[in-house]
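These are the residues of each chain, in order.
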Amino acid sequence: MFDIMGGDDSMIVRTLNYLFSFYSKLVHVVNDLDQVQILSPNRTLFHFLSFIDFQSSMMLEYLISQETIDFLSYLVSICDHILGDWELFQLELGESYSLTAVSSTLVPLESPKQQQQQQHIVVHQYQMVLHTLSNLYHEIARIDRLGLFPYQPGPLLDRLKLVSGVGWYAEKPRLVYKVWAADYRTRADRFLNRGRKS
């Protein structure tokens, strides 16, 4: 899908945002969700990451380029989407791939028998996405610690940390997200109340 855009970064980022917005509206009017799963934000994210070879450095470039605002908006939205329904994210990106010892090429696994015939590391699509987002988190955090990031990435880092940490919290990401959101609201309320008293 992204190949036809000929490396036009601006068009790629606008397309990501458009598809996310379009899907969010479409699910409210379509009765059979199977018909629109090809436009799923989770799958669109996977295809985008496949297009950039899962290089977090490419995502970092989008965040500090002319596409900053649009790509930042997309990343925040997709992180919230993943955290809002971890089971759907895992289900939609549950296809297994084989990373063989001979080559780093990812090959879809066709059968359990095929899995036994070759030495490989089995990875799922969602694990590849989480790994890439985790790398992005660490790259942004490192640059921010040096005071070199061009803007305050705090809200994005919070979300990336939660998303990339989903696997570490076993199958409880929604609970973690709710706890984080409640804590964030509590701190915001305290700040606002302190402002009213003064």
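Treat the numbers as computed from the prediction; the structure is a model and nothing was measured. (Residues numbered from 1 in each chain as written. Predicted model: local features only at pLDDT ≥ 70, side-chain atom pairs only at ≥ 80, totals over all residues. Heavy atoms only, no water.)

## Notes on the environment of His-124
Working step 1: Residue position: His-124 is located in strand β3 (residues 120–124).
Working step 2: Looking at His-124, the relative accessible area reads 22%, which means it is partly exposed.
Working step 3: Those residues within four positions of His-124 in sequence are excluded, and the remaining contacts are Leu-93, Gly-94, Glu-95 and Ser-96. (Helix = DSSP H or I, 4+ residues; strand = E, 2+ residues; numbered from the N terminus. Buried < 20%, exposed > 50% of the residue type's maximum accessible area, 1.4 Å probe, protein only. Contact = heavy atoms within 4.5 Å.)

## Concerning the confidence of the model for the protein
Working step 1: Residues with a pLDDT of 70 or more make up 68% of the protein, whose mean pLDDT is 77.
Working step 2: When the criterion is pLDDT under 50, residues 101–105 qualifies, and its contacts beyond four places in sequence or with other chains add up to five contacts.
Working step 3: Note on residues 167–181: pLDDT is under 50 here. Beyond four places in sequence and across chains, it has 14 contacts. (pLDDT = per-residue confidence, 0-100.)

## Overview of the packing of aromatic side chains
Working step 1: Tallied over the full model, the rule gives 10 aromatic pairs.
Working step 2: For the pair Tyr-18 and Phe-22, a centre-to-centre distance of 5.9 Å together with 10° between the ring planes defines the contact as stacked. Highlighted residues: Tyr-18 and Phe-22, both in helix α1 (residues 9–26), separated by four residues, approximately one helical turn.
Working step 3: The partly exposed category is assigned to Phe-22, whose relative accessible area is 33%.
Working step 4: The interplanar angle of 45° and the centroid separation of 5.4 Å between the aromatic rings of Trp-86 and Phe-89 together place this pair among those described as tilted. In this pair, Trp-86 and Phe-89 are both assigned in helix α5 (residues 86–92), three residues apart and thus about one turn of the helix distant. Grouping residues by exposure puts Trp-86 and Phe-89 together as buried. (Phe/Tyr/Trp six-rings, centres within 6.5 Å; stacked < 30°, edge-to-face > 60°.)

## Section: helix α7 (residues 125–145)
Working step 1: End to end, α7 covers 31 Å across 21 residues, agreeing with the expected 30 Å (1.5 Å per residue, within 8%).
Working step 2: Looking one or two residues beyond α7, the residue adopting positive phi is Gly-147, at roughly 75°. (Expected span 1.5 Å × (residues − 1).)

## Details of the environment of Gln-55
Working step 1: Tracing the sequence through the fold places Gln-55 in the loop between α2 (41–51) and α3 (56–63).
Working step 2: Residue class for Gln-55 comes out partly exposed when judged on its relative accessible area of 35%.
Working step 3: Spatially, the C-alpha atom of Gln-55 lies 8.6 Å from that of Asn-135, the residues being 80 residues apart in sequence.

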